[in-house]
Amino acid sequence: MNFQDLIYTKRDGGILSETQIRWFIEKFTKNEIPDEQAGSFLMAVFFQGLNKEELNFWTDAMIKSGEILDLSKVGKPTVDKHSTGGVGDKISLPLCPLVASFGAAVPQLSGRGLGTFGGTLDKMESISGFNISLTNEQMIKQLKDVGVFITAAGVGLAPADRKMYSFRDVIGAVECIPLIASSIMSKKIAEGTKGLVLDVKAGRGAFMKDVNRARQLAETMVEIGNKAGVKTVALITQMETPLGKAVGNALEVSESLDVLNGKGPQDVIEITLALAKEMLNIAGINKNPETGLKDGSAYETWKKMIKAQGGDPEKPIPVSNNKKFIKANKSGYITDLNAYSIGLSAWRLGAGRAKKEDSVSKTAGIICLAKEGDFVEKDQPVLELHIDDVARVDFAIEALGNAFEISPEPKEKRKVILERIS
Ligand code: URA
């Protein structure tokens, strides 16, 4: 096979054959294609896209580049969730144990955060002793015993994506719907789950800035999943304003614990319950998820999961004692609370990383003391900055220039869940 033919075909808007696609994914994974050629080819895909057939071959080749977990021994219906990421998005934390508390098995393989979104693993690591590296045997055992784990994907799972995602990051080819869809779905399908609910975020605090692009991504992923035999549904949810009040690793764990104890912010509860309803439905469990938050069974499952993974659920979640407040400069209603500015500011405080190798602060972050629709008095604190490293504060505050808007009249409340794609 002459690799230049593949580059010319895609560059000029042609269609790749199954053989060409499988050949590329195999050689790319084995580092047998020079970087300049792989970069040029992926950039051609970025601009020309992949049609449905090409995308199915592409995703299948990525799945088969590594191991496929067999969860059939678990003896429970398997269903997982994936979010495309947003500011304050801690939903996996209450959601996964909630769904498991009804008898489903939730194999949550997560990632670390990059850029302004925190990763689920970073949040879980703010829990004392929690181990995010389970072996395949430990995963199966925990699904049988507890019904849920939250862990890192092993190196054997979709290695083509592991390489391609960081490669795309370096060459500037991340924001491409077929490449994002195949990247996410190859990992989820290889994980062995039989059902999947996607939370595709739309807005300035998300990957997809507008609903039309979010819908295209959701439809593409739902189609890939269902074609591969994984029953897949997507909700498109708004990410113009932060989800909940807490943004930052340990802060988000504490807010998740509130939700697991039947409290917490209304928007977090609404998305958790909507996703739980979809997951239970896919798992064939006809129950109202709200009861699991109210009667403590979701929290019990959370504690079992933390213990099973070496953590101590009774130990307090770490919190910074160095705080700074950003106050209202006049009285009125909060009519805009900008997810992008708040995510960027929390990231600059140390809650997120710029490079894969960077470490993150457990305690740095922001609490939104007031949310859109709330009335604030002049000089009332609106944002509470949690500081781990004082040298970062000025740079973090600079990001908050347009973080909120105060008006004499309230604005219509934003919808949290925008669309459902199945
Ligand atoms: N998340 C992924 O896993 N892959 C992408 O390409 C983008 C977001």
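See the structure printed just above.
Described below are features of the structure shown in this document.

## Looking at the overall build of the protein
(1) Moving on: For the protein, the count of helices and strands is 16 helices and 13 strands.
(2) Moving on: Computed over C-alpha atoms, the radius of gyration of the protein comes to 22 Å, within 12% of the 22 Å expected from 2.2 N^0.38 for 422 residues, which places it in the range of a compact globule.
(3) Moving on: Referenced to the eigenvectors of the C-alpha coordinate spread, the extents of the protein come out at roughly 70 × 45 × 40 Å.
(4) Moving on: Across the 422 residues that make up the protein, the buried fraction comes to 55%.
(5) Moving on: Excluding contacts between residues fewer than 6 apart, the proportion of contacts in the protein whose partners are at least 24 apart in sequence is 80%.
(6) Moving on: The protein carries 54 positive and 54 negative side-chain charges, and their two centres are separated by 3 Å.

## Structural notes on the packing of aromatic side chains
(1) Moving on: A complete count under the given rule lists 10 aromatic pairs for this structure.
(2) Moving on: Judged by centre distance (5.2 Å) and plane angle (75 degrees), the rings of Tyr333 and Phe375 are edge-to-face. Placement of the pair is Tyr333 in strand S8 (residues 332–337) and Phe375 in strand S10 (residues 375–376), with a sequence separation of 42 residues.
(3) Moving on: The partly exposed category is assigned to Phe375, whose relative accessible area is 41%.
(4) Moving on: In this structure an aromatic cluster arises from ring pairing among Phe3, Trp23, Phe24, Phe28, Phe41, Trp58 and Phe167.
(5) Moving on: Across from the ring centre of Phe28, 4.3 Å away, lies the NZ or CZ of Lys163, which sits over that ring.

## Quick notes on the site of the ligand
(1) Moving on: Around the ligand sit Tyr165, Arg168, Ile180, Ser183, Ile184, Lys187 and Phe207, and those are all the residues in its vicinity.
(2) Moving on: In the model, an oxygen atom of the ligand is placed 2.9 Å from a nitrogen or oxygen of the Arg168 side chain.
(3) Moving on: Here the ligand has 240 Å² of accessible area as a free molecule, and 90% of this is covered by the chains.
(4) Moving on: Secondary structure elements with two or more residues in the shell around the ligand: helix H8 (159–171) and helix H9 (177–190).
(5) Moving on: Per-element tally for the shell around the ligand: the top contributor is H9, with four residues.
(6) Moving on: Among the residues making up the shell around the ligand, the classes are represented as four nonpolar, one polar and two charged.

## Describing the sheet that holds strand S12 (residues 404–407)
(1) Moving on: The strand order across the open sheet formed by three strands is S10-S8-S12, and the pairing between neighbours is antiparallel. One side of each edge strand has no neighbouring strand; the edge strands of this open sheet are S10 and S12.
(2) Moving on: As defined by bridge partners, S8 adjoins S10 across two bridges and the pair is classed as antiparallel. Within S10, the residue paired with Tyr333 across the bridge is Phe375.

The rules behind each value
- Residues numbered from 1 in each chain as written.
- Predicted model: local features only at pLDDT ≥ 70, side-chain atom pairs only at ≥ 80, totals over all residues.
- Heavy atoms only, no water.
- Helix = DSSP H or I, 4+ residues; strand = E, 2+ residues; numbered from the N terminus.
- Rg over C-alpha atoms; globule rule 2.2 N^0.38 Å.
- Buried < 20%, exposed > 50% of the residue type's maximum accessible area, 1.4 Å probe, protein only.
- Contact = heavy atoms within 4.5 Å.
- Lys, Arg positive; Asp, Glu negative; His and termini not counted.
- Charge placed at Lys NZ, Arg CZ, Asp CG, Glu CD.
- Phe/Tyr/Trp six-rings, centres within 6.5 Å; stacked < 30°, edge-to-face > 60°.
- Lys NZ or Arg CZ within 6 Å of the ring centre and 35° of its normal.
- Near = heavy atom within 4 Å.
- Polar contact = N/O pair within 3.5 Å; in protein donor to acceptor, adjacent residues only side chain to side chain.
- Areas by Shrake-Rupley, 256 points an atom, 1.4 Å probe, with all protein chains shown as cover.
- Nonpolar A, V, L, I, M, F, W, Y, C, P; charged D, E, K, R; others polar.
- Pairing = 2+ DSSP bridges.

In short, geometric facts, not functional conclusions.
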